[in-house]
Structure formats: C-alpha cells, structure tokens
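Residues per chain, in single letters:
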Amino acid sequence: MTVCKLPPMRNATGNETPVSPPARPLSALDRARLVRRIKRLLKEQDAVLVAHYYTAPEIQALAEATGGYVSDSLDMARFGNAHAASTLLVSGVRFMGETAKILNPEKRVIMPTLDAECSLDLSCPADEFIAFCDAHPDRQVVVYANTSAAVKARADWVVTSGIALKVVQHLADQGQKLIWAPDRYLGAYVQKHTGADMLLWQGACIVHEEFRANELQALMRKHPDAKVLVHPESPPAVIDLADVVGSTSALIKAAKMLPARKFIVATDNGIFYKMRQAAPGKIFMEAPTGGTGAACESCAHCPWMAMNDLHNVAEVLARGGNEIHIPPAVRAAALIPLQRMLDFSKSLNVNVWASGNA
Ligand code: 13P
Ligand code: SF4
C-alpha cells in the first residue's frame, strides 16, 4: 500500500488527523459477513447509505446494492431529501454531512467518522473568514461547497465546481466585486475565465495540488490518443493541459460521452469505480502526482475519504453516535446561500455538479 506522507493536519476538534488510510484487510468471508450485517442494520435503522465518488469501491458498491446513492456532495444531499428514510448515513467528509443536514434538518444525519475532514474546509476557519469578510464589506462573498456550515452562513453564495463560473459571471456582469474562498486554484480558474474582481482565500486541496504538469506532459506524450480530464482544484499548469475541466460528475460524464478509449484523470482515484461503470472497456490512468519518483509518496487519494470503511459504517449503525448537529441559527443562515445557488441553477436549468468546461 502506498503511504501518504503529507504532513498531519489538525481536525476541527484539534486532534491530529491521521493521513494514512487505516490498514484493516478483510478476508472475503469477513467482508461478506460485514456487508450482510450492514444491510440488516440499514433496514432496522430506517437508514439509507449515501456515498461520495471518492469513497472506496466497496462502499460505493454497497450504497448501490442497498438502494442508496453515489454522487457528489450536493447531489448526495438532494437524494437524501427525496428519499423516505429517516436516517441518512453519509459516507464522505464532514462538510458533506453538514450540507446534507442543512438541506434535511428533520432527518438524522450520521457519518462513519466525524474525523473525516477536508483540507479546504480546514484552511478556512469561520472566525478568521468572518473577520476577513467584515474587512471588505463592499464585496459579495462566494464560498465553495467544501466549507463548514459556519462559513457558508457568512456567505452570499455557495457554489460547486459545476456552477462556479456561471455564478461568478452573473455577479461580474452586475459589476459586483467578490471574495472567493477557500480554493485558490479553483478561484484563479474562475477569475481567469470571467475576469471578475476577486479576492482569493489561499486554501488548497492537498490531493489535487499534488498533480504535476511536467510529468503529465510526459504521460501525454506516451499516450497521445488519451484525453485528459482535470478537476479544477488542480494547479493552473495542470488545468491548462486538460481536454475537459469539470466537477466530479462532469468528468464521469466526459469519460462516457467522449469517443476516446483512453483517459488520463487528474482527480481522486476513487472516481475510477464510477468511470469504469459509466464507460466499460475504456482505459483510465491516474495523472502523475508529486509522489512519482519523488520523496513524497502522495497517491491521488483523499486521506479523509479513505477513513470511511465497512467497519465504521457497520459501527455507526450498530452503536449510533457520529451525528451531525448544526446550531439552528447557523443552519438557517447557511441555507440561504445554498438555496440561492439551487434556485439560480434551476433558472438556468443547470445541474450544479454536472457542467464542465463551462
Ligand atoms: P465534487 O463536489 O465535484 O463532488 O468534489 C468534491 C471534492 O471534494 C472535490 O475534491
Ligand atoms: Fe477536500 Fe481534497 Fe479531500 Fe476533496 S479531495 S474532500 S477537496 S481534501
């Protein structure tokens, strides 16, 4: 197993977040037993499993096999809203559980672990962010979905990578000046394509910022017939090499729709499970990261997503706990910019997660 040696980070409770996936190999028999147990517990608890594309293939397969759902974070929350289950078991990272709770306040939202964070979310503590916004009262505040409920509560708009360009263009056309947080690479990409006046918070995704342009070019030379799919949380030099830049949903759609047989993919490798399902027979390669031949052995896989496994899915169902709670005032305030994005996307008839290269 490749061990990620990225520096440990602190989670919201101040504990050090382990950045290596837990090594808990299971025999095929144990795995089958655990899956049977989870299926039974989901029924008993009136729960539905909703998983992100970056979780382990066995979690995604389990969600599909039990009437749950695999998608991006907002679409996960939307599914939870439409589903009759009273408990949403959200397998992903904490901001996804929070988004689900903001949109589904009457439901119990639980997660396999509450220590699964996101470097973008961690880079943007609410108190510092609020002070920054207060120092620039003339600017509209646009935040990426990968933020805490408290940060969303201070925003005018929440955006996903699928609709960021359209929202920012809309605001720029009105002559609005903006604060953008927290991802500096996505922010720079949006700024370049819209010309908007944006102050950029300097956060980054520790997974996507590892993709390397020089090594990617070398791989492209080896596979000139491959199309390059890039998530916009990647550095600009990597984005510049892309055939398609887009959200997770957009990249899966591109893998299916483009006539190419080979793809080089610059996003978390958990996405390959859905890409292979959407485009069977096609070949998917990981874009090179800083780990390729270097001291850092990064692995194009989010260490926090990797904290979700069959054990903790079973545990949270059996023992309870790990429930998402958001103070009602924060939830109500965070719902406003989130709802604004949903209404805007409806008015454009855009799936906020599925548009790429827009
Ligand atoms: P999506 O919102 O495109 O699913 O991505 C979430 C994420 O964490 C990307 O790194
Ligand atoms: Fe956050 Fe990056 Fe992990 Fe996505 S892949 S959850 S942006 S740390």
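This is a predicted model, so every value here is computed, not measured.

Draft legend 1. Highlighting the overall build of the protein. Secondary structure assignment for the protein yields 15 helices and 14 strands. The burial tally for the protein puts 51% of its 358 residues in the buried class. Contacts in the protein between residues at least 24 apart in sequence constitute 65% of all its contacts with a sequence separation of at least 6.

Draft legend 2. Summary view of the site of ligand 1. Taken together, the neighbourhood of ligand 1 is formed by eleven residues, with Asp72, Ser73, Ser161, Ser247 and Thr248 sitting nearest. Tallied by class, the residues present in the shell around ligand 1 amount to three nonpolar, six polar and two charged. Each of domain 2 (120-205 + 327-348) and domain 3 (208-286) contributes no fewer than three residues to the shell around ligand 1.

Draft legend 3. Representation of the nonpolar core. If you look at the biggest cluster of nonpolar residues, it comprises 108 residues, and the most contacted ones within it are Val50, Leu89, Val142 and Leu229. Not counting the four nearest positions on each side in its chain, Val142 is found in contact with Ala155, Asp156, Trp157, Val159, Val167, Val168, Leu178, Ile179 and Trp180.

Draft legend 4. Structural context of the pairing of strand E9 (residues 177-181). With four of five residues buried, E9 is to be regarded as a mostly interior element. Where E9 and strand E10 (residues 198-200) come together, three bridges link them in parallel fashion. The residue bridging Ile179 from the neighbouring strand is Leu199, located in E10. Traced from E9 through helix H9 (residues 184-194) to E10, the parallel crossover comes out right-handed.

Draft legend 5. Region of interest: the sheet that holds strand E4 (residues 69-71). Within the open sheet, the four strands sit side by side as E4-E3-E5-E6. Their pairing is parallel. The sheet terminates laterally at E4 and strand E6 (108-110), the two strands that pair on one side only. Put simply, the sheet's adjacent strands are angled 25 degrees from each other on average, direction ignored. Of the strand pairs in this sheet, strand E3 (residues 47-52) and strand E5 (residues 87-91) are connected by five bridges, and their pairing is parallel. Across the sheet, Val48 pairs through a bridge with Leu88, a residue of E5. This element, helix H4 (residues 94-103), spans E3, E5 and E6 of the sheet and lies at about 155 degrees to E5.

Draft legend 6. Structural detail: helix H15 (residues 328-348). The end-to-end C-alpha distance of H15 is 30 Å, a good match for the 30 Å that 21 residues give at a rise of 1.5 Å each. Along its length, H15 reaches its greatest deviation from straightness, about 25 degrees, at Ile336, and the proline Pro337 lies no more than four positions downstream. As for H15, its buried residues are in contact with H4, helix H7 (149-153), strand E8 (157-159) and helix H8 (164-173). At the C-terminal side of H15, Asn349 shows a positive phi close to 60 degrees.

Draft legend 7. Main features of the environment of Glu209. If you trace the backbone, Glu209 turns up in the loop between E10 and helix H10 (213-222). Its 20 C-beta neighbours within 10 Å are what place Glu209 among the buried residues. The spacing of Glu209 and Ala266 is 57 residues in sequence and 9.9 Å in space, taken between C-alpha atoms.

Draft legend 8. Local environment of the site of ligand 2. Not every one of the 13 residues close to ligand 2 is listed here, only the nearest: Cys118, Ser119, Cys205, Val207 and Cys302. Taken together, the residues of the shell around ligand 2 sort by class into nine nonpolar, two polar and two charged. When residues of the shell around ligand 2 are assigned to domains, at least three map to each of domain 1 (28-116 + 304-319) and domain 2 (120-205 + 327-348).

Draft legend 9. Main features of the sheet that holds E10. Spatially, the four strands line up as an open sheet ordered E8-E7-E9-E10, and their pairing is parallel. The open sheet has two edge strands with one neighbour each: E8 and E10. Between one strand and the next, the sheet's axes are offset by a mean angle of 25 degrees, whatever the strand orientation. Of the strand pairs in this sheet, strand E7 (residues 139-144) and E9 are connected by five bridges, and their pairing is parallel. Bridging from a neighbouring strand, Arg139 pairs with Lys177 of E9.

Draft legend 10. Layout of the confidence of the model for the protein. Residues with a pLDDT of 70 or more make up 89% of the protein, whose mean pLDDT is 90. In this model, residues 1-21 is a region of pLDDT below 50 whose contacts with residues beyond four sequence positions or in other chains number 36 contacts.

Draft legend 11. Fine view of the packing of helix H1 (residues 28-44) against helix H14 (residues 310-319). Two elements in contact, H1 and H14, have axes separated by 10 Å at closest approach and are oriented at 30 degrees. In this structure, the crossing between H1 and H14 has a hand that is left-handed. Residues Arg31, Leu34, Val35, Arg37, Ile38, Leu41 and Leu42 of H1 pack against Leu310, Val313, Ala314, Leu317 and Ala318 of H14. A class-by-class count of the residues in the contact of H1 with H14 yields ten nonpolar, no polar and two charged.

Conventions we followed
Residues numbered from 1 in each chain as written. Chains lettered and ligands numbered in written order. Predicted model: local features only at pLDDT ≥ 70, side-chain atom pairs only at ≥ 80, totals over all residues. Helix = DSSP H or I, 4+ residues; strand = E, 2+ residues; numbered from the N terminus. Buried ≥ 20, exposed ≤ 12 C-beta atoms within 10 Å, placed from the backbone. Contact = placed C-beta atoms within 7 Å. Near = placed C-beta within 6 Å. Nonpolar A, V, L, I, M, F, W, Y, C, P; charged D, E, K, R; others polar. Domains from an automatic or database assignment. Core = buried A, V, L, I, M, F, W, Y, C linked by C-beta atoms within 7 Å. Pairing = 2+ DSSP bridges. Right-handed = clockwise from strand over helix to strand, strands pointing away. Axes fitted to C-alpha atoms, helices over the stretch in contact; angles between N-to-C directions. Expected span 1.5 Å × (residues − 1). Bend = angle between axes of the 7 residues up to and from the residue. pLDDT = per-residue confidence, 0-100. Left-handed = near helix turned anticlockwise from the far one by under 90°.

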